[in-house]
Amino acid sequence: QVQLVESGGGLVQAGESLKLSCAASGTISSIDGMGWYRQAPGKQRELVAVIIRGDITNYADSVKGRFTISRDSAWNTVCLQMNSLKPEDTAVYYCNTMTRFKTYWGQGTQVTVSS
């Protein structure tokens, strides 16, 4: 059974940094990419960053230059380094793993940025 577990969330002040990690367990084949999404209260879930085969990355405009996505060589772990955090980054952050047949999601980790 595939499971994704996020960690690293918390409460920080504006301008500080956090690093989120997501560990995947179970057998996942044909991985196309891994990513991070977030959902703020009253808003739809949105893409934050994604890394796909060839280590091609894509970021939401709102986080470009501040966030960096990375993965391990086995596609078991994906991380999100978040610098210069802003109050508008406050949300529940979810990781996912995308395969040819299915997308798997973690349960989410709360990130709160105070002003």
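Look above for the structure.
The model shown is predicted, which means the values in this text are computed figures rather than measured ones. (Residues numbered from 1 in each chain as written. Predicted model: local features only at pLDDT ≥ 70, side-chain atom pairs only at ≥ 80, totals over all residues. Heavy atoms only, no water.)

### With respect to the overall build of the protein chain
Definition in use: Runs of H or I in DSSP of at least four residues are treated as helices and runs of E of at least two as strands, each being numbered from the N terminus. Each residue is assigned to one of three classes by its accessible area relative to the maximum for its type, calculated with a 1.4 Å probe on protein chains only: buried under 20%, partly exposed between the two thresholds, exposed over 50%. Between two residues, a contact is recorded if the distance between any of their heavy atoms is within 4.5 Å. Under the convention used here, a 1.4 Å probe and the Shrake-Rupley method define accessible areas, while residue burial counts only the protein chains that appear.
Each helix and strand counted, the protein chain has zero helices and eleven strands in total. In the protein chain, the succession of helices and strands from N to C terminus is β-β-β-β-β-β-β-β-β-β-β. Projected onto its principal axes, the C-alpha coordinates of the protein chain cover approximately 40 × 25 × 20 Å. In the protein chain, which comprises 115 residues, the proportion classed as buried is 40%. At a minimum sequence separation of 6, the contacts of the protein chain that also span at least 24 residues come to 54%. Accessible area for the protein chain stands at about 6200 Å²; split by element, carbon and sulfur atoms hold 46% of it.

### Comments concerning the nonpolar core
What counts is decided by this rule: Throughout this description, the term nonpolar core refers to a set of buried Ala, Val, Leu, Ile, Met, Phe, Trp, Tyr and Cys residues connected via side-chain atoms within 4.5 Å.
One finds Trp36, Leu80, Met82 and Tyr93 to be the most contacted residues of the largest nonpolar core, which totals 30 residues. Elements with a minimum of two residues in this core: strand E3 (18-25), strand E4 (31-39), strand E5 (46-52), strand E7 (67-71), strand E8 (77-82), strand E9 (91-99) and strand E11 (109-114). Here this core gets four residues from one element, more than from any other, and that element is E3. When neighbours within four sequence positions are excluded, methionine 82 is seen to be in contact with Glu16, Ser17, Leu18, Leu20, Arg66, Phe67, Tyr93 and Val111.

### Quick look at the environment of glutamate 6
Threshold: Pairs of N or O atoms within 3.5 Å make up the polar contacts considered here, provided that, within protein, one atom can donate a hydrogen while the other can accept it, and that residues adjacent in sequence are counted only when both atoms are side-chain atoms.
In this structure, glutamate 6 sits in strand E1 (residues 3-7). Residues glutamate 6 and cysteine 22 lie 16 residues apart in sequence; the distance between their C-alpha atoms is 4.3 Å. If we skip the residues at most four places from it in the chain, glutamate 6 touches Ser21, Cys22, Trp36, Tyr93, Tyr94, Cys95, Gly106, Gln107, Gly108 and Thr109. At 3.0 Å, the side chain of glutamate 6 and the backbone nitrogen of cysteine 95 are in polar contact. Here glycine 108 takes part through its backbone nitrogen, which lies 2.8 Å from a polar atom of the side chain of glutamate 6.

### Notes on the packing of aromatic side chains
The condition is simple: Pairing of aromatic rings covers Phe, Tyr and the six-membered ring of Trp, with a centre-to-centre limit of 6.5 Å; geometry is then stacked below 30 degrees between planes, edge-to-face above 60, and tilted otherwise. Note on criteria: charge over ring means Lys NZ or Arg CZ within 6 Å of the ring centre, with the direction from the centre no more than 35 degrees off the ring normal.
On inspection of all chains with the given rule, the structure shows one aromatic pair. In this arrangement the basic side chain of arginine 45 is found over the ring face of tyrosine 94, its NZ or CZ atom lying 3.7 Å from the centre. One residue, arginine 71, lies across the ring of tryptophan 75, its end atom 4.0 Å from the ring centre.

### Quick look at the pattern of salt bridges
The cut-off we apply is this: We define a salt bridge as a contact between a side-chain nitrogen of Lys or Arg and a carboxyl oxygen of Asp or Glu at a distance within 4 Å.
As enumerated under the stated definition, the model contains five salt bridges in all. Among the salt bridges present, the one from arginine 38 reaches aspartate 89, with a minimum N-O distance of 3.0 Å. With a gap of 51 residues between them, arginine 38 in strand E4 and aspartate 89 in the loop between E8 and E9 connect regions that are remote in the sequence. A single burial state applies to arginine 38 and to aspartate 89, both of which are buried. The salt bridge partner of lysine 64 is aspartate 61, with a shortest N-O separation of 3.1 Å. A relative accessible area of 64% places aspartate 61 in the exposed class. Within this structure, Arg38, Glu46, Arg66 and Asp89 form a network of salt bridges that share partners.

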